[in-house]
Amino acid sequence: DTAVSQTPKYLVTQMGNDKSIKCEQNLGHDTMYWYKQDSKKFLKIMFSYNNKELIINETVPNRFSPKSPDKAHLNLHINSLELGDSAVYFCASSHLTGSAETQYFGPGTRLLVL
Amino acid sequence: AQSVSQHNHHVILSEAASLELGCNYSYGGTVNLFWYVQYPGQHLQLLLKYFSGDPLVKGIKGFEAEFIKSKFSFNLRKPSVQWSDTAEYFCAVGKADGLTFGKGTHLIIQP
């Protein structure tokens, strides 16, 4: 019954590795997002995506790439992991794209890069 | 660029006290404003949102917020807090490409 789910919940890895985080929503929403929450709890948008458009926050390194196999999934792939990538990553979805849309968040993936 | 300011980073209250968390935004156009809550170990949940109409918005769990356009503010209030309100509270402005969050307020309610 989980609306937005993410796997894995925890991810510990070495610097330089490549990893992916999966996100799935069963709400039938058109738009999905990835956010990064740093150690000070600050949340920042990384990407928003619907079937027409990918919007990338300009501060996101190109080592990060979202991949959407279908409307219900938006996976986050990270190349050449760095220590500073350690954070909690939240996936979210909304019915439509728009500034008034309520976003529904997943439980988060806690990434630790050693 | 849009920004959201939450002035109180940490707030400690006793049960039954009244709560007001400040939120100010900078944006010249029409704004859509949100308050989200993150309980310990859980994901973010929507408390309430404003996009038009009555500037006093009521949300879940007894929370409300007032949009004051002249002050660029959207403060969150609750008349009597409970221990279970201990959480991180985030104010946000909605944009087409996602939410711009404030830095959050960590609220601790002491029994």
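It should be noted that the structure appears before, not after, this text.
As the structure is a prediction and not an experimental result, all values here were calculated from the model.

Student: Help me understand the packing of aromatic side chains, please; the structure alone is not making it clear to me.
Tutor: Aromatic ring pairs are described here by two measures, namely the spacing of the ring centres and the angle between the planes. Residue and element names in this part refer to chain B. By the definition in use, this model includes 13 aromatic pairs over all chains. Where Tyr25 meets Phe72, the ring centres are 5.6 Å apart and the plane angle is 65°; that geometry is what we call edge-to-face. Of the two residues, Tyr25 is situated in strand E4 (residues 24-26) and Phe72 in the loop between strand E8 (64-68) and strand E9 (73-78); the sequence distance between them amounts to 47 residues. The buried category is assigned to Tyr25, whose relative accessible area is 6%. Phe72 sits in the partly exposed class, given a relative accessible area of 39%.

Student: Explanation requested: the interface of chain B and chain A in the structure shown.
Tutor: One frequent convention defines the size of an interface as the accessible area lost when the parts assemble. Each partner contributes to the interface: chain B provides 20 residues, whereas chain A provides 21 residues. Regarding the contact of chain B and chain A, the summed buried area is about 1700 Å², with carbon and sulfur atoms giving 59% of it. Linking chain B to chain A there are zero salt bridges. Our count for the contact surface shared by chain B and chain A stands at six residue pairs in polar contact (both at pLDDT 80 or more).

Student: Whenever I open this one, the pattern of salt bridges confuses me. Can you help?
Tutor: Oppositely charged side chains are able to pair whenever their charged atoms sit close together. A full pass over the atoms with the stated rule returns seven salt bridges over all chains. Arg63(A) is the salt-bridge partner of Asp85(A), the closest N and O atoms lying 2.9 Å from each other. You can see Asp85(A) sitting in the loop between strand E8 (75-78) and strand E9 (87-94) and its partner Arg63(A) sitting in the loop between strand E6 (54-56) and strand E7 (64-67), a full 22 residues away along the chain. A relative accessible area of 14% places Arg63(A) in the buried class. Taken together, the salt bridges that share partners define one network made up of Lys58(B), Glu64(B), Glu66(B) and Arg77(B).

Student: What should I look at first to understand the state of the cysteines in this one?
Tutor: Where two cysteines share a covalent bond between their sulfur atoms, that bond is called a disulfide. A full pass over the atoms with the stated rule returns two disulfides over all chains. With a sulfur-sulfur separation of 1.8 Å, Cys23(A) is cross-linked through a disulfide to Cys91(A). Between Cys23(A) and Cys91(A), the S-S dihedral sits near -75°, and the bridge is therefore left-handed. In this pair, Cys23(A) is assigned in strand E3 (residues 19-25) and Cys91(A) in strand E9, connecting sequence segments 68 residues apart. Both residues of the pair, Cys23(A) and Cys91(A), count as buried. With its sulfur 1.9 Å from that of its partner, Cys23(B) forms a disulfide with Cys91(B). Here the disulfide of Cys23(B) and Cys91(B) is left-handed, its torsion about the S-S bond being about -70°. Of this pair, Cys23(B) sits in the loop between strand E3 (19-21) and E4 while Cys91(B) sits in strand E10 (residues 87-95); the two residues are 68 residues apart in sequence, bridging distant segments of the chain. Accessibility classification places Cys23(B) together with Cys91(B) in one group, the buried group.

Analysis parameters
Residues numbered from 1 in each chain as written. Chains lettered and ligands numbered in written order. Predicted model: local features only at pLDDT ≥ 70, side-chain atom pairs only at ≥ 80, totals over all residues. Heavy atoms only, no water. Phe/Tyr/Trp six-rings, centres within 6.5 Å; stacked < 30°, edge-to-face > 60°. Helix = DSSP H or I, 4+ residues; strand = E, 2+ residues; numbered from the N terminus. Buried < 20%, exposed > 50% of the residue type's maximum accessible area, 1.4 Å probe, protein only. Contact = heavy atoms within 4.5 Å. Buried area = accessible area lost by both parts, 1.4 Å probe. Salt bridge = Lys/Arg side-chain N within 4 Å of Asp/Glu carboxyl O. Polar contact = N/O pair within 3.5 Å; in protein donor to acceptor, adjacent residues only side chain to side chain. Disulfide = S-S within 2.5 Å.

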